[in-house]
Each structure stands twice: as structure tokens, then as C-alpha cells.
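Letter by letter, the chains look like this.
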Amino acid sequence: AVVSTQSTGKHPKKRHYRQRAHSNPLSDHSFEYPVSPDAMDWSIIYPEFKPDDRVRFCDVGCGYGGLLVTLSTLFPDKYMVGFEIRVKVSDYVNDRFKALRVENPTYNNAGVIRTNAMKYLPNFFRKGQLEKLFILYPDPHFKRCKHKWRIVSEGLLAEYAFVLAEGALVYTVSDVHEVHEWMVEHFTAFPLFERCDPGPEDAAAQVLIGSTEEGKKVLRNKGQSWTAIFRRIKDPAETGEK
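Analysis parameters
- Here the residue index of a chain counts from 1 through its sequence in written order.
- Owing to the predicted nature of the model, reporting of local features is limited to residues with pLDDT of at least 70; listing and counting of side-chain atom pairs is limited to 80 or more, with chain, interface and lining totals taken over all residues.
- Side-chain metrics in this entry use all non-hydrogen atoms of the structure; hydrogen atoms and water are not considered.
- Between Lys or Arg on one side and Asp or Glu on the other, a salt bridge is scored when a side-chain nitrogen of the former is within 4 Å of a carboxyl oxygen of the latter.
- Numbering of helices and strands runs from the N terminus; a helix is a DSSP stretch of H or I covering at least four residues, while a strand is a stretch of E covering at least two.
- The classification of residues rests on relative accessible area computed with a 1.4 Å probe and restricted to protein chains. Under 20% of the type maximum is buried, over 50% is exposed, and intermediate values are partly exposed.
- By this definition, two strands are paired if DSSP reports at least two bridges between them.
- Working convention: axes come from line fits to C-alpha atoms, limited for helices to the stretch in contact. Angles between N-to-C directions cover 0 to 180 degrees.
- These descriptions rest on fixed angle ranges, namely under 35 degrees for roughly parallel, over 145 for roughly antiparallel, 65 to 115 for roughly perpendicular, and the rest for oblique.
- Handedness of a crossing is defined here by the sense of rotation of the near helix relative to the far one, left-handed for an anticlockwise turn of less than a right angle and right-handed for a clockwise turn.
- What makes two residues a contact is simply this: any of their non-hydrogen atoms within 4.5 Å.
- Each residue is assigned to one of three groups, with Ala, Val, Leu, Ile, Met, Phe, Trp, Tyr, Cys and Pro labelled nonpolar, Asp, Glu, Lys and Arg labelled charged, and all others, Gly among them, labelled polar.
- Only four residue types enter the charge count: Lys and Arg as positive, Asp and Glu as negative, with His and the chain ends excluded.
- Only buried residues count toward a nonpolar core. Its members are Ala, Val, Leu, Ile, Met, Phe, Trp, Tyr and Cys residues joined through side-chain atoms within 4.5 Å.

Colleague: For this particular structure, what's the right way to read the pattern of salt bridges?
Modeller: Any two side chains of opposite charge can pair, so long as their charged atoms come close to each other. Following the criterion strictly, the structure yields 10 salt bridges and no others. Across the pair Lys132 and Asp202 runs a salt bridge whose closest N-O atoms are separated by 3.9 Å. Highlighted residues: Lys132 in strand 4 (residues 130-136) and Asp202 in the loop between strand 6 (193-196) and helix 6 (208-211), separated in sequence by 70 residues. Lys132 gets classed as buried once you look at its relative accessible area, which sits at 11%. Each of Arg56, Lys78 and Glu131 takes part in salt bridges that share partners, so that together they form one network.

Colleague: Looking at this structure, I do not really get the pairing of strand 7 (residues 226-232). What am I missing?
Modeller: One face of the sheet, then the other: side chains in a regular strand alternate in exactly this way. Note that strand 5 (residues 164-174) and strand 7 share 6 bridges and pair antiparallel. Paired with Thr172 across the bridge in strand 7 is Ala228. Looking at chain direction, strand 6 and strand 7 are connected through 4 bridges and run antiparallel. Across the sheet, the residue bridging to Glu194 is Arg231, located in strand 7.

Colleague: Before we go on, may I ask you to explain the packing of helix 3 (residues 117-124) against helix 4 (residues 154-163) in this structure?
Modeller: Two quantities define a packed helix pair, namely the angle between the helix axes and the distance between the axes. Viewed as axis vectors pointing N to C, helix 3 and helix 4 meet at an angle of 20°, and their least axial separation amounts to 10 Å. By the criterion of interaxial angle, the relationship of helix 3 to helix 4 is roughly parallel. For the pair helix 3 and helix 4, the sense of crossing is left-handed. Residues Ala117, Met118, Leu121 and Pro122 of helix 3 touch helix 4, and the partners they reach there are Leu156, Glu159, Tyr160 and Val163. Among the residues forming the contact of helix 3 with helix 4, the class breakdown is 7 nonpolar, no polar and 1 charged.

Colleague: Could you clarify how one ought to interpret the side chain of Asp59 in this entry?
Modeller: Within the secondary structure, Asp59 is located in strand 1 (residues 55-60). Here Asp59 is buried and forms no salt bridge, its nearest opposite-charge partner Arg96 lying at an N-O distance of 9.5 Å. Setting aside its immediate chain neighbours within four residues, Asp59 contacts Leu67, Leu68, Val81, Gly82, Phe83 and Phe134.

Colleague: I keep staring at the nonpolar core and nothing clicks. Help me out?
Modeller: With 44 residues, the main nonpolar core has Trp42, Phe125, Ile135, Tyr160 and Phe193 as its most contacted residues. At the level of secondary structure, the elements contributing two or more residues to this core comprise strand 1, strand 2 (79-84), helix 3, strand 4, helix 4, strand 5, helix 5 (177-189) and strand 7. Setting aside chain neighbours within four positions, we find Ile135 in contact with Val60, Ile151, Val152, Tyr160, Val170, Tyr171, Thr172, Val173, Met183 and Phe187.

Spelled out as C-alpha cells, the structure:
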């Protein structure tokens, strides 16, 4: 399901969109998705989208859309999308952007799709299309038998590497130290990513915690969040290097 571009101007209330915090990403949910990136009609989501335009940022598990709201004004020339698996939560983000667009057309560059990034990411994005990928406060899935549900794994890292351009950045944040270490371990071990510090000039890195609803909750509770950023590096196989 994707956002409609029609706007009502009324800001949604979260209490009308409540849903359980976690969802099994391996269940057989019902999703609409394109058979390939060429079949995706992004103009359904973005009112001003042109055929040559490309979505460059993706927030995987975007929750209530706080990061997208912030990024859309920081990067007004970039199209960005949030992927959210939960029905009511994605509906909230949909309605949130409808209302924001009435107030400010700047928000025409951001939207949401209800989908499962663990299954359908390559259906939406071409090879090397994305410049930034965000994995913020992912479901921890504490039990060992549910680690296969985690949004960071060796198999998924291969898909992330495929859709990310060389030099693109992946931003990760968690308030669970074990999950943070899990993400760092997997990204560091994968040959197409290296950990990096983009520095204060990276506007996106400065708003990772304070923009998301989950991050704000951690701050209110005086908790701690751990951040790690990774750069997509050149594939030696594509350059003939060994």
C-alpha cells in the first residue's frame, strides 16, 4: 500500500493508529509491490515526481515518520521513502504527510510505503540507487530463535549493498547495546561496508536520535542510544581486484 497524494490538512492523532510494537517480518502479510523497480510508479507517492527522478533515501522501519519529517526539510532536493510493515502505523505516516503538504509543499519529497524490506527491497530500488539508508531502533527480537527476524543479517546486507551507491551511507541506532553490537559486527564483517565517521558536516547524522519518536522516548527516560554509521565501499569484483 502506498500513500495517496490527496490532502485533508488535518493532522492525525497517534491514539487513532495504535498497534503492537513488533511484527513478524517472516509472516505471510499481504503487500502490493512492483515486480521490478522499472514497474514502480513513484508519482503515486510524490505529487511532483518526474520520470527521471529517483528516490535516494530510505528509512527501513520508519515508525511514525519523525525522521522523514526532519530529513525532508534538511534535504529538500532529495526524494525519500519510509518502509513500514505495520498497517496502522503506515496509515498514520501517510495521513501525517498529507496534512504537512497542505501547510508546506516542501514535504512533497517524502512518503511511506507499507511493505516488508526484508523481502521486497530490490523490487523498489535499482542497483546503486540509494544514497542513504536508515535503520533506527529496529525491533531487537531478543530470543535467539528470533534473531532470524532481525533487519540486519548477512543475507540482507547483500541486498543493502546492492541498492546502495558506492560511497552511500547506512545509519544505525539502537537503545539496546546487544543489538547495536550485533549490527556493528555484521556490517564490519561484510566486505562491502566499512565503519566511518562522516563528521559534523553530515546533517543527517546530527538528527538521528532527536527526530524519531523512539529516540525521543529514550531521551525522555534518560536512556542511552548507540549509533554506528557505515559506508558502502567499492566492490573489488567489479574492478578486477582481489
